[in-house]
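Coordinate inspection notes
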Amino acid sequence: MRYKSSQVAVGGMASGLCLLLMFLTGMIPFSEYACPTFAGLVLIAVAEEMGRKTALIVYGAVSLLSLLLTPSKEAAILFVFFFGYYPVIRAVLMEKVAVRPVRLLLKLLLFNGMIVLSYLIVIHVLGIPDILEEFGSFGQYSALVLLLFGNIFFFVYDYTVGNLTEVYTDYFAPRFLRRGHR
């Protein structure tokens, strides 16, 4: 049985770990992309142990605190717009959309739409218009090249989220948390 106190405790610990990872974006070079992805992976355990609703509440709390407190607003926006909730809703997509090509198309549309929206917000709302100029010699095609590499990364990330979810439910939880196979 799931008790509210357990949900609060697990949610608080997961939120703290996610925020720690988000704070590392200011300390570790090039972590603006890695830390939001790792923070999102923490939510796999929350979703499996406490349910998707609790995981989404943790996501909301971490999103708000990341936007307010973390040093890298770019990383916070990437967490808010994709990497924070994707490990939680991926399971819903897997359950609700049975046709694999349609599921893949939906995942790609979600990823590309949210990443483009994220960077539009970074450029226009946060006032960081020179973000693409940092890539210099890529020239006018740098945004498309980055999106292409982002899609390759997304396939790796999606595969990783799926495998980590399986490892958690099939190996970790039964052995270390003494819970049966779901």
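This text follows the structure it describes.
A closer look at the layout of surface pockets
- There is about 630 Å³ of room inside the second largest pocket.
- Surrounding the second largest pocket, 26 residues form its lining, Arg 90, Ala 91, Met 94, Gly 162 and Thr 165 being those nearest its centre.
- A breakdown of the residues in the lining of the second largest pocket according to their chemical character gives ten nonpolar, four polar and twelve charged.

Focus: the packing of helix α3 (residues 52-69) against helix α4 (residues 73-83)
- For the pair α3 and α4, interaxial distance at closest approach is 9 Å and the crossing angle is 160 degrees. The orientation of α3 with respect to α4, classified from their angle, is roughly antiparallel. Read as a crossing pair, α3 and α4 show a hand that is left-handed. Across from Tyr 59, Val 62, Ser 63, Ser 66, Leu 67, Leu 68 and Leu 69 in α3, the residues of α4 making contact are Lys 73, Ala 76, Ile 77, Phe 79 and Val 80.

Quick notes on the nonpolar core
- Ranked by size, the top nonpolar core spans 36 residues in total, and within it Leu 43, Phe 82 and Tyr 157 carry the most contacts.
- Examining the composition of this core, we find that nine residues originate from one element, α4, more than from any other.
- Beyond its immediate chain neighbours, meaning those up to four positions away, Tyr 157 contacts Thr 37, Gly 40, Leu 41, Phe 82, Phe 83, Tyr 86 and Pro 87.

Considering the pattern of salt bridges
- Under the definition given, this model contains three salt bridges.
- A salt bridge links Glu 95 to Arg 52, with the shortest nitrogen-to-oxygen separation between them at 2.7 Å. Within this pair, whereas Glu 95 is found in helix α5 (residues 86-96), its partner Arg 52 is found in helix α3, the two being separated by 43 residues in sequence.
- With relative accessibility at 32%, the residue Arg 52 sits in the partly exposed group.
- Each member of the salt-bridge network shares a partner with another, and the members are Arg 90, Lys 107 and Asp 158.

Conventions adopted
Residues numbered from 1 in each chain as written. Predicted model: local features only at pLDDT ≥ 70, side-chain atom pairs only at ≥ 80, totals over all residues. Heavy atoms only, no water. 1 Å grid on protein atoms, 1.4 Å probe; cavity = no way out; pocket = protein on both sides within 12 Å on 5 of 7 lines; lining within 4 Å. Points joined across faces, edges and corners; volume = space filled by probe spheres on them. Nonpolar A, V, L, I, M, F, W, Y, C, P; charged D, E, K, R; others polar. Axes fitted to C-alpha atoms, helices over the stretch in contact; angles between N-to-C directions. Helix = DSSP H or I, 4+ residues; strand = E, 2+ residues; numbered from the N terminus. Parallel < 35°, antiparallel > 145°, perpendicular 65-115°, else oblique. Left-handed = near helix turned anticlockwise from the far one by under 90°. Contact = heavy atoms within 4.5 Å. Core = buried A, V, L, I, M, F, W, Y, C linked by side-chain atoms within 4.5 Å. Buried < 20%, exposed > 50% of the residue type's maximum accessible area, 1.4 Å probe, protein only. Salt bridge = Lys/Arg side-chain N within 4 Å of Asp/Glu carboxyl O.

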